[in-house]
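Observations on the model geometry
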Amino acid sequence: MPILPDVLAPASGGATHAELFTGAQDCAGAAFALALEGHRTLPGDERPWLWVQDRASLRQTGRPYRPGLPRALRHRLVHVAVTTPEDALFALEEGLRCRDLAFVVGEIAGNPRALSLTAQRRLSLMAEKHGVPLWLVRVGAGRDLSSARQRWALRPAASLPPRWNAQAPGTAAWRAELFRARNHPPGEWILRDDGQALIAQPAQQSTHPVDLAGAVGDRPLAAG
């Protein structure tokens with residue numbers, strides 16, 4: 001069975017700043033980030049992690065449901081709900097300054113003026129300087145300019161039928177397109193979370209409607 005691409009495996013550390021584009025009323029972006037981080041968590045790592053939502057994204061995707069989060073993450077969540085994109089960016093920057101956080105997830109709806117290329121670059125620099133990964137979820141947004149090291153387009157995909165009860169809900173699955181990355185070619189994959197590991201398969205090889213994409217590394221943004 002295909003396994004997670006090396007660029008998304010725990011040893012690679014993933015991207016410092018990744019941008020996840022998702023539909024206006026699904027949670028594919030945040031769920032994708034949390035699935036990756038949940039399986040990357042090392043035994044004994046009890047560091048908290050931060051989830052920031054602006055009011056518009058909160059209205060569209062809802063608040064986190066703690067019992068539904070990956071088991072390794074649910075008790076470590078610090079959730080911050082703010083009113084405006086400006087407030088969300090402030091909270092994200094403050095979170096990225098805290099090296100005691102395992103990672104940061106930010107959800108911002110649409111294409112607000114505050115989330116400019118300059119603001120994106122500030123987030124990238126902050127994440128790289130302090131070594132805190134950032135997953136910026138763009139809810140119902142167009143693909144504007146960005147300094148993110150990885151840029152993904154995500155949507156939910158059909159789950160495989162459960163082994164013992166075909167009528168039961170299946171495990172989480174995503175169709176993921178990596179459309180821009182530094183030092184990594186674009187691609188499209190199907191990613192499935194079987195509860196024990198993340199399983200990836202290139203979209204063109206899949207015989208079931210579910211897929212995923214690769215990731216990327218790069219030199220620090222501040223270097224030039």
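Look a little higher up for the structure.
Residues numbered from 1 in each chain as written. Predicted model: local features only at pLDDT ≥ 70, side-chain atom pairs only at ≥ 80, totals over all residues. Heavy atoms only, no water.

Let's shift gears to the layout of surface pockets. The calculated volume of the largest pocket comes to roughly 600 Å³. Taken together, 26 residues line the largest pocket, and the ones lying closest to its centre are A35, G68, L69, P70 and D193. If you list the elements that add at least two residues to the lining of the largest pocket, you get α1 (28-40) and β2 (49-53). No other element matches the 6 residues that α1 contributes to the lining of the largest pocket. In the lining of the largest pocket, the residues fall into 13 nonpolar, 9 polar and 4 charged. (1 Å grid on protein atoms, 1.4 Å probe; cavity = no way out; pocket = protein on both sides within 12 Å on 5 of 7 lines; lining within 4 Å. Points joined across faces, edges and corners; volume = space filled by probe spheres on them. Helix = DSSP H or I, 4+ residues; strand = E, 2+ residues; numbered from the N terminus. Nonpolar A, V, L, I, M, F, W, Y, C, P; charged D, E, K, R; others polar.)

With that settled, the discussion passes to the side chain of S146. Within the element layout of this structure, S146 appears in the loop between β5 (134-139) and β6 (150-156). One polar contact links S146 to E19, side chain to side chain, over a distance of 2.8 Å. A polar atom in the side chain of S146 sits 3.5 Å from the side chain of Q120. (Polar contact = N/O pair within 3.5 Å; in protein donor to acceptor, adjacent residues only side chain to side chain.)

Here the focus is the pairing of strand β7 (residues 173-181). In terms of strand pairing, β6 meets β7 through 7 bridges, oriented antiparallel. Pairing of A153 across the sheet is with E177, part of β7. The pairing of β7 with strand β8 (residues 187-193) spans 6 bridges and is antiparallel. For W174, the partnering residue across the bridge sits in β8 and is L191. Taking the residues between adjacent antiparallel strands as the criterion, β7 and β8 are bridged by 5 residues, where N183 takes a positive phi near 60°. (Pairing = 2+ DSSP bridges.)

Before going further, it helps to spend a moment on the pattern of salt bridges. If you walk through the whole model with that rule in mind, you get 12 salt bridges. In this structure, R40 engages E37 in a salt bridge whose closest nitrogen and oxygen atoms are separated by 3.5 Å. In this pair, R40 and E37 are both assigned in helix α1, 3 residues apart and thus about one turn of the helix distant. Three or more residues joined by partner-sharing salt bridges are found here, namely E19, R138, D144 and R151. (Salt bridge = Lys/Arg side-chain N within 4 Å of Asp/Glu carboxyl O.)

With respect to the helices and strands, the residue T61 is situated in helix α2 (residues 55-61). T61 gets classed as buried once you look at its relative accessible area, which sits at 12%. Reaching out from T61, the side chain makes a polar contact with the side chain of E107 at a distance of 3.3 Å. The contacts of T61, once residues within four sequence positions are left out, are A24, D26, C27, Q53, E107 and V139. (Buried < 20%, exposed > 50% of the residue type's maximum accessible area, 1.4 Å probe, protein only. Contact = heavy atoms within 4.5 Å.)

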